[in-house]
Amino acid sequence: MDLLVTYDVETVTPQGQRRLRKVAKICEAYGHRVQKSVFEVVCRETDKVRMVAALQEAIDPTQDSIRIYRLPTHALDDVEHLGKPRLIDPRGALVI
């Protein structure tokens, strides 16, 4: 499945900055960063379930927000892109 994951984590406090780093690391484990807080993820349903569980555990739901968009199959193969070129194939190997 193709997913687009975006997040907004409160970073005013040191705890918020730690949560931001943790959320970013979780997303990096499952997908490719395409902008500061936007990740393209190609995964199986079981991986999505694990990722969502890890993200839920990492955030403060009263202050942070994560959006996960399920895209049509192979939608990430046909992304219109402007500006700096995409350096990573979303279906390529993910090195952790």
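Residues numbered from 1 in each chain as written. Predicted model: local features only at pLDDT ≥ 70, side-chain atom pairs only at ≥ 80, totals over all residues. Heavy atoms only, no water.

A.B. asks: Honestly, the sheet that holds strand β1 (residues 2-8) in this entry has me stumped. Any pointers?
C.D. replies: Within a sheet, adjacent strands bond to each other through the backbone by hydrogen bonds, running parallel or antiparallel. Pairing is antiparallel across the open sheet formed by 4 strands, whose spatial order is β2-β3-β1-β4. With one partner strand each, in any of the chains shown, β2 (31-35) and β4 (65-71) form the two edges of the open sheet. In this sheet, adjacent strand axes meet at a mean angle of 25° when their direction is disregarded. In this structure, β1 lies alongside β4, joined through 7 bridges in antiparallel fashion. By the bridge assignment for β4, D2 is matched with L71. Helix-sheet contacts for helix α2 (residues 45-58) involve β1, β3 (38-42) and β4, and the interaxial angle to β4 is about 170°. (Pairing = 2+ DSSP bridges. Helix = DSSP H or I, 4+ residues; strand = E, 2+ residues; numbered from the N terminus. Axes fitted to C-alpha atoms, helices over the stretch in contact; angles between N-to-C directions. Contact = heavy atoms within 4.5 Å.)

A.B. asks: Is there a simple way to think about the UniProt feature "binding site: Mg(2+)" (unreviewed entry) in the protein chain in this case?
C.D. replies: The feature "binding site: Mg(2+)" (unreviewed entry), as given by UniProt, occupies D8 in the numbering adopted here. Not counting residues up to four positions away in its chain, the partners in contact with D8 are Q63, D64 and S65. (UniProt positions renumbered as here; feature names shortened; annotations may be inferred.)

A.B. asks: When you look at the pattern of salt bridges in this model, what are you seeing that I'm missing?
C.D. replies: Any two side chains of opposite charge can pair, so long as their charged atoms come close to each other. Applying the stated criterion across every chain, the model contains 6 salt bridges. The structure contains a network of salt bridges with shared partners spanning E10, R19 and D64. (Salt bridge = Lys/Arg side-chain N within 4 Å of Asp/Glu carboxyl O.)

A.B. asks: Just to check I follow, could you spell out α2 for this structure?
C.D. replies: The terminal C-alpha atoms of α2 lie 20 Å apart, and with 14 residues this matches the ideal 20 Å at 1.5 Å per residue to within 8%. Three or more residues of α2 are buried, namely D47, K48, M51, L55 and A58. One face of α2 carries all of its buried residues, which in axial projection span an arc of 100°. Counted as exposed and oriented over 90 degrees from the buried face of α2: Q56 and E57. The secondary structure elements touched by the buried residues of α2 are β1, α1 (14-30), β3 and β4. (Expected span 1.5 Å × (residues − 1). Buried < 20%, exposed > 50% of the residue type's maximum accessible area, 1.4 Å probe, protein only. Arc of directions from axis to C-beta.)

A.B. asks: I would appreciate a short explanation of the nonpolar core in the present structure.
C.D. replies: Burial of nonpolar side chains together is a common tendency in soluble globular proteins. By size, the foremost hydrophobic cluster in this structure holds 15 residues, and its most contacted members are Y7, V23, C27, V41 and M51. Elements represented by at least two residues in this core include exactly β1, α1, β3 and α2. Sequence-distant contacts of M51, defined by excluding residues within four places in its chain, comprise L3, V5, I26, Y30, V41 and I68. (Core = buried A, V, L, I, M, F, W, Y, C linked by side-chain atoms within 4.5 Å.)

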